[in-house]
Structures are given as structure tokens and as C-alpha cells.
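Topology and contacts: notes
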Amino acid sequence: MQSLTVVVPAYNESEGLREFHARLAAVFDQLDLACSVLYIDDGSRDDTYAVMCSLRDADSRVATLRLSRNFGKELALTAGLDHADADAVVVIDADLQDPPELIPTFVTHWREGFDVVYGTRESRAGETRFKKFTASTFYRVMGRLSQTPVPRDTGDFRLLSRRALDALKTVRERQRFMKGLFAWVGYRQKAVVYPRDPRFAGETKWNYWKLWNFAIDGITSFSGAPLKIATYLGIGVAMLAFVFGIWIAIKALLLGDPVQGYPTIMVTILFLGGVQLIALGVIGEYLGRLYVEAKQRPLYLVDEYHPPTPR
Ligand code: UDP
Ligand code: MG
């Protein structure tokens, strides 16, 4: 029989985890696969890990992985994928925003021969208009800049075939933008549209500052375009300055050169100073990421790992 492992990163999800597991277990019972679930405790501060352990005691299909501290969702997910060893792996959030009932559909497409089957949100219930707007802007910018097209309105909820999983495991970069990496892997991909539910319990771990940084991570790890934009902006400004310089020279020749032009000088200095700082900042973003990669630290550290009980 083929096997399926569901990877669930969780950070402070104790309130909803039992409900999540109940729904997932019901889905497992319908599938003719050897199913297991791997819960990753990403350094939670509440009793998420205790809940995971009690689920493991009650259900032999449960495995648990505890990281040494909170590493963030992307790395928790990576840790989970590294420990998953099955013919297919499903990645899903623990907050029930991604319905586990969609997994059988994923499996059907996987059996048709798709390597990556991902859920695309058709609606985002329970999210503010501003969040929807920023999200859609991000996907649009990303779509323009990235060489690897990242499917829009798509989270991490997806199924990976064995070879897609193995390919992903070879990618060891530290600044991980998982949605982009899943797309980067390629192979045969398939989208399944679903309505996204509001959170079952607890609250989102994202605020706008984190989302902004996440967006910058995504763009810088999949595109060098901001560096080019800085170059072209520089060229554009230099050309304008050249034309302006000629105009000033002609004016001085024709009309003489009384000491004037404080406003022009101020505007020019401030504008150029601003442009230079922006360009430096862009370089800094890339340099900072290079620095993190160069340190070669491990991606995450494991505190405890308990594989599923063999039957
Ligand atoms: N998560 C995690 N580590 C973190 C933050 C979040 O493992 O540092 C998990 C979280 O428990 C949930 C999933 O990642 O299962 C998605 O998080 P959240 O619901 O906060 O994100 P959103 O759905 O709002 O994008
Ligand atoms: Mg969520």
C-alpha cells in the first residue's frame, strides 16, 4: 500500500489542535493509503506540545517533532518535510483554514500523475479588505519580478509526490520562501480551487510588519530585479541631470550668471541623496541575505522526534 504523510507546523495552536486532528483522522479513514501525520511544534509557548503528545498516545498514526525554539513557519515546515518519508506528503496549516477534507481530491490528482497539487484560495473568509488588497498586490508584484512564476492566492497547503519532495529536500537555502520553492521544483503541477475558511481558534501569527518582511524575502530570493531597477533609476537620473546641465550652461551663456539657484541645488542634492540611499538599501537587502547564507548555520535544531508507532 502507498503511504501518505501529512505535515502540520504548529505554533501556539493548542486550542484548535484536537479539533484539527479529529477532522484529519476522519479523512484518513476514507483513504486507502497508509496515512500518518507529523505535528511539528515550532517552539510554542502554550501547551501545544502536550496536546500533540496526547494525540500521539491515542493514535498510532501520529508522529511529533519538537524544535529547540521558534524558528518560524517556513523552517518548521522544512523540518517536517525533512522528517517525512512517504510516497506523498501533504502540507497543511493547523488552524483549519485549509480544510483537511480536500486531501482526498489532492490524492486523486496525484494518482492521475501530478507531482504537486496545490490549493488556490477562491475566497478569504474572515480576512480584512486591507489584507486581501495587500496580498493581491504582493502576488502581482511577485508575478512580474520572479523568474519562477509563483501561483497567486496559493498558500502552503498542497500535496507533493515523492520526487517533488526529494527535489525540495535538496534545496538548503536559509531564507526560505516556501511557496516559491514549491513552484521552483516544477514537474507536473495542478491547482485545486477552494474557499478558505476563517481560523478555527487562536489568532494569526502574522502582523503587517512580518508580512512586509516576508514579501521582501520572497522577492529577493526569487528575483534580482530590484538591483536592476536601482541601476536603471540611476541611469535615468543621470540622463535627466545631463540635459538639465546643458540647459543651465546655455542659460548662463545667454543671460549671464548671477548667483541664483539655491532651490535647484537643494532639490537636486536631496533627490540624488535619496536615490542613492534607496539604491544602497536595495544592495544591503541582498548583502544581508548573502551574509546569512554564508554563515552556513543549520536551518533548525530538533529537540525531540517521535516517529509514528509501527503497527
Ligand atoms: N506557524 C508556525 N510557526 C510560526 C508561525 C506560524 O509553525 O512561527 C504555523 C501556525 O501554527 C499555523 C501555520 O503556521 O499552523 C500558519 O500560521 P497562521 O495561521 O498564523 O498564518 P496565516 O494563516 O494567517 O497566514
Ligand atoms: Mg492561518
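Above this text you will find the structure in question.
Nothing here was measured: the structure is a model prediction, and the numbers come from that model. (Residues numbered from 1 in each chain as written. Chains lettered and ligands numbered in written order. Predicted model: local features only at pLDDT ≥ 70, side-chain atom pairs only at ≥ 80, totals over all residues. Heavy atoms only, no water.)

Let's shift gears to the overall build of the protein. Per the secondary structure count, the protein includes 10 helices and eight strands. The C-alpha radius of gyration computed for the protein amounts to 25 Å, which surpasses the reference 19 Å derived for 311 residues by more than 25%, pointing to a less compact arrangement than a globule. Each principal axis of the C-alpha distribution contributes one length, and for the protein these read about 95 × 40 × 35 Å. When the 311 residues of the protein are sorted by exposure, 45% land in the buried category. Partitioning the intrachain contacts of the protein with sequence separation of at least 6 by distance along the chain shows that 84% fall at a separation of at least 24. When the accessible surface of the protein is totalled, it reaches about 16,600 Å², and 62% of it is carbon and sulfur. (Helix = DSSP H or I, 4+ residues; strand = E, 2+ residues; numbered from the N terminus. Rg over C-alpha atoms; globule rule 2.2 N^0.38 Å. Buried < 20%, exposed > 50% of the residue type's maximum accessible area, 1.4 Å probe, protein only. Contact = heavy atoms within 4.5 Å. Areas by Shrake-Rupley, 256 points an atom, 1.4 Å probe, with all protein chains shown as cover.)

Time to look at the packing of helix α8 (residues 208-222) against helix α10 (residues 262-294). Where α8 contacts α10, the two axes come as close as 11 Å, and the packing angle between them is 80°. Classed by the angle they form, the pair α8 and α10 counts as roughly perpendicular. Packed against α8, whose contacting residues are I216, D217, I219 and T220, the element α10 presents E285, Y286 and R289 at the interface. Residues belonging to the contact of α8 with α10 are distributed by class as follows: three nonpolar, one polar and three charged. (Axes fitted to C-alpha atoms, helices over the stretch in contact; angles between N-to-C directions. Parallel < 35°, antiparallel > 145°, perpendicular 65-115°, else oblique. Nonpolar A, V, L, I, M, F, W, Y, C, P; charged D, E, K, R; others polar.)

Within the protein, D95 (OD) and Q97 (OE1) serve as the donor atoms for the magnesium ion (ligand 2), at 1.8 to 1.9 Å. With respect to burial, D95 and Q97 carry one shared label: buried. (Donors = N, O, S within 2.8 Å, 3.2 Å for Na, K, Ca; no water.)

Bringing the site of ligand 1 into the picture now. Around ligand 1, the surrounding shell holds 17 residues, and the nearest of these are E13, D42, D95, Q97 and T204. In the environment of ligand 1, a nitrogen atom lies 2.6 Å from a nitrogen or oxygen atom belonging to the side chain of D42. Between ligand 1 and the protein, one listed contact pairs an oxygen atom with a side-chain N or O atom of N70 at 3.1 Å. Within the complex, the protein chains bury 91% of what would otherwise be the 530 Å² of accessible surface of ligand 1. When its residues are assigned to classes, the shell around ligand 1 shows five nonpolar, four polar and eight charged. (Near = heavy atom within 4 Å. Polar contact = N/O pair within 3.5 Å; in protein donor to acceptor, adjacent residues only side chain to side chain.)

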